[in-house]
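# Chain and residue survey
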Amino acid sequence: MLTQTTTRVLEPSDLGAALAVLESEPVANAFVTSRVQIAGLDPWRLGGEMWGWYANGRLRSLCYSGANLVPICAGPEAVRAFADRARRSGRRCSSIVGPAEPTAQLWRLLEPGWGPAREVRANQPLMVADSPAAEVEPDRLVRRVRKDEMDILMPACVAMFTEEVGISPLAGDGGLLYQARVAELIAAGRSFARIEDGKVVFKAEIGAITPQACQIQGVWVAPEFRGRGYSETGMAAVLRHALTEVAPIVSLYVNDYNTPARKSYGRIGFREVGAFMSVLF
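What counts, and at which threshold
- Residues numbered from 1 in each chain as written.
- Predicted model: local features only at pLDDT ≥ 70, side-chain atom pairs only at ≥ 80, totals over all residues.
- Heavy atoms only, no water.
- Pairing = 2+ DSSP bridges.
- Helix = DSSP H or I, 4+ residues; strand = E, 2+ residues; numbered from the N terminus.
- Contact = heavy atoms within 4.5 Å.
- Axes fitted to C-alpha atoms, helices over the stretch in contact; angles between N-to-C directions.
- Phe/Tyr/Trp six-rings, centres within 6.5 Å; stacked < 30°, edge-to-face > 60°.
- Lys NZ or Arg CZ within 6 Å of the ring centre and 35° of its normal.
- Salt bridge = Lys/Arg side-chain N within 4 Å of Asp/Glu carboxyl O.
- Buried < 20%, exposed > 50% of the residue type's maximum accessible area, 1.4 Å probe, protein only.
- Expected span 1.5 Å × (residues − 1).

## Observations regarding the sheet that holds strand β7 (residues 143-144)
- Reading across from one edge, β1-β2-β3-β4-β5-β12-β6-β11-β10-β9-β8-β7 is the order of the 12 strands in this open sheet, with mixed pairing throughout. The open sheet has two free edges, formed respectively by β1 (5-9) and β7, since each of these has just one partner strand.
- Alignment of strand β6 (residues 119-129) against strand β12 (residues 271-280), held across eight bridges, turns out to be antiparallel. When the sheet's bridge partners are listed, Arg121 is paired in β12 with Ser278.
- Together, β4 (68-72), β5 (95-99), β6 and β12 form the strand contacts of helix α5 (residues 100-114), whose direction differs from that of β5 by roughly 155°.

## Regarding the packing of aromatic side chains
- Here the structure, examined in full by the defined rule, presents seven aromatic pairs.
- An aromatic cluster is built from Trp107, Trp114 and Phe281, whose rings are joined through pairwise contacts.
- Of note, Arg85 hangs over the ring of Trp51, and the distance from its end group to the ring centre comes to 5.8 Å.
- One residue, Arg91, lies across the ring of Phe281, its end atom 4.3 Å from the ring centre.

## A short note on the pattern of salt bridges
- Taken as a whole and judged by the stated rule, the model has 18 salt bridges.
- As a salt-bridge pair, Arg146 and Asp148 come within 3.1 Å of each other at their nearest N and O atoms.
- A relative accessible area of 44% places Arg146 in the partly exposed class.
- For Asp148, a relative accessible area of 61% gives the class exposed.
- Here the salt bridges do not stand alone but share partners, grouping Arg143, Arg146, Asp148 and Glu149 into one network.

## Section: helix α6 (residues 150-165)
- Between its first and last C-alpha, α6 extends 21 Å over 16 residues, near the 22 Å set by a 1.5 Å rise per residue.
- The complete set of buried residues in α6 reads Met150, Leu153, Met154, Ala156, Cys157, Val158, Met160 and Val165.
- Contact partners of the buried residues in α6: β6, α8 (176-187), β8 (191-196), β9 (199-209), β10 (214-221) and β12.

Okay, structure coming up:
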């Protein structure tokens, strides 16, 4: 029996089926799931389209197409279908990111028309924690950032983004969208920092939240304070908060070449369970 497949842009009425696919892999899909749970599938509210791949009339795979292109629960046939649609649409994203295997296949198909990429990070270990390690004492001075501390936090956020991505978030629109995102995280109580004498020593955010899992992002230590353990004790504090008040599983992904960070995260309770891949334009 031949399998009949089709691909289309999902509509708000497809929300239940889309969430069923997303929630089948709650850790890997936390970023997209959190957005869909808040915004639904309306492209304007979601910030992009959600493509669905159907086999014999059943929704099997997704691909988020917005500022990022993200394959979700996608096998080889679904990836080929998403690549075809992406080629027809033209590149609108600033990155392709997702689980390493489907993302690598998607990039192989798109690279002839979309390449070269500014940078390809082929192996970014995905790490999870469901309990904190007892031997690392959380930094008691790490706390939620207050709304009136936006001006203190913003330079640290810009420095982190520039170091991590290789370009400044202030480019293009002057940083308006990035500032809005930082303010949103502060207002939601998801931005944490150790601040001394009006300067950020350590910071991190909980960037995605679902009932099943949450994701830590934006981990940064001021250069003059590096090598003193602030990242480890600061992350231990954020991890404890996340497990206590946010979700039963906490995740993050890290560049494979960042050996000190991987070891540090392992000491506070994270373990590697898979890998992501990022293609940056």
